[in-house]
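Report on the structure
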Amino acid sequence: MMSHFLELPPGLGKRSLSYMNMTSTTTIKVLLLALTIIFLIVVIPLSPVNDSSWPWLYPKDNVDMSIKFGKKCNIFRGRWVPYPGGPYYTNRTCREIFDQQNCMKFGRPDTEFLKWRWKPDECELPLFDAVQFLEHVKGKSMAFIGDSLGRNQMQSLLCLLARVSNPTDVSYTRDPRFKRWVYVDYNFTLASFWSPHLVNAIDTDPNGPTYNRLMNLYLDEPNHEWASQVETFNYVIISAGRWFFGPQMFFENGHVVGCHACLKTDVKNLTMIYGYRKAFRTALGTLVKLKNFKGVTILRTLSPAHFENGEWDKGGNCVRTRPVSNSSEMKLDGADLKLYMTQVEELRAAEREGRKRGLKFWMLDTTEAMIARPDGHPNHYGHWPHENVTIADCVHWCLPGPIDTWNEFLLKMLKVYG
């Protein structure tokens, strides 16, 4: 736990000492130390991210958000530095890139965004080694559960591993949202389960506009597509975010309990965060309760969008060609900060329950690194210029691109924690 990020509230020690009427210097030091430990374990700082200090939330025990090497190193805190070596692969050497993230195929003219690496503040993040990764996961299995950003990371991993080995597709369906591969030489299974809300969700108008149609979310029911198959996996990487911004009707115990942006006067108005929190609670709780699940649950934190010059549906775009260098220029705030904090809080709660069964929970904290990469999105380079697509993509990440760093983080976590 990174205790140096937290401070005691002003006056806490003084009030305690007055109350106890202690005069012994030794006793005072012991009491202050005890109060500090209790505070660090119990209290979660809820102050907004408003400067370069980035007071992130650190769960205790084995929720490994901060990977520490020596005394100070945390691989998730750092900056982007120039790296002339360029990317690990190209769109020509990797066959798994979806068109929507294949920026080079569709004519992105700049390549500077490919020439940066993440540099932790107090140490180094090793380059991705495909052989090391495959040797580490030999005989094991890994599942990605979530939306297209989770798939984005999985495709990055496929491309990184393609330098050594290409898997065999053993998918049980032709639906591209549910994929499964086996790296035969390593007996390693990699799977993807599409579940943008994590819980059971019914689209009330499948033919309606993608970003403005009402979804019925059954907040206490995990999505059966992944919950029925994930029990035997060794690593489960879970994530969700952008789909919760749309209109939603919330169900619990089979009954409507409220809604978000549903425009219905006879239904209780609840916040997006209400549904988001419940969905993560159900998903993480399901993994805790699965009788035969003995794997590691990895939460991949919020991936920020970078629309500038307007909202996503009002001409917003992402035309930058290099990372931002000043943390005050772009920061986590508003709804994104609330989503991030909710993820952390629910992961911490799940860890407390999972600890009773010896389960492990890790945090793949990509958020700070990606805040600084408004240059890494497809923008309008996820389709041909003549196609009738007017909305820029400032949510997903180009492949190759800064998202490859997520898998550098992942490999480091695997090597340190198993």
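Right above here is the structure, for reference.
The residue numbering used here restarts from 1 in each chain and proceeds along that chain's sequence as written. Only residues with pLDDT of at least 70 are given local features in this predicted model, and only at 80 or more are side-chain atom pairs given and counted; all residues enter the totals for whole chains, interfaces and linings. As a rule here, side-chain values cover all heavy atoms of the structure and leave hydrogens and water aside.

1. Description of the pairing of strand 9 (residues 188-194)
Burial analysis of strand 9 places seven of its seven residues in the buried class, the great majority of the element. Only protein chains enter the area calculation, which uses a 1.4 Å probe; residues under 20% of their type maximum are buried, those over 50% are exposed, and those in between are partly exposed. Helical segments are the DSSP runs of H or I of at least four residues, strand segments are the runs of E of at least two, and each set is numbered from the N terminus. Alternating residues of strand 9 divide into Phe188, Leu190, Ser192 and Trp194 and Thr189, Ala191 and Phe193, and every residue in both groups is buried. Inspection of the sheet shows strand 6 (residues 141-146) paired to strand 9 by six bridges, in the parallel sense. When the sheet's bridge partners are listed, Gly146 is paired in strand 9 with Trp194. Two strands are said to pair when DSSP picks up at least two bridges between them. Where strand 8 (residues 178-183) and strand 9 come together, six bridges link them in antiparallel fashion. In the strand pairing of strand 9, Phe178 is matched with Phe193. Connecting strand 8 to the next strand, strand 9, in antiparallel fashion are four residues, including Asn187 with a positive phi near 50°.

2. A word on the sheet that holds strand 13 (residues 248-252)
Strand order across the open sheet formed by four strands is 10-11-13-14, with mixed pairing between neighbours. Two strands in the sheet have a free side with no partner beyond their single neighbour: strand 10 (199-203) and strand 14 (255-260). The sheet shows a mean angle of 25° between the axes of neighbouring strands, direction not considered. Two strands pair when backbone bridges link them, and strand 10 and strand 11 (residues 215-222) are joined in this way by five bridges, in the antiparallel orientation. Paired with Ala201 across the two strands is Leu217, which belongs to strand 11. Two residues qualify as a contact provided that any one of their heavy atoms is within 4.5 Å of a heavy atom in the partner residue. Fitted lines through C-alpha atoms give the axes, limited to the stretch in contact for helices. The angle between two N-to-C directions lies from 0 to 180 degrees. Against the sheet, helix 6 (residues 272-289) contacts strand 10, strand 11, strand 13 and strand 14, and its axis sits at roughly 35° relative to strand 11.

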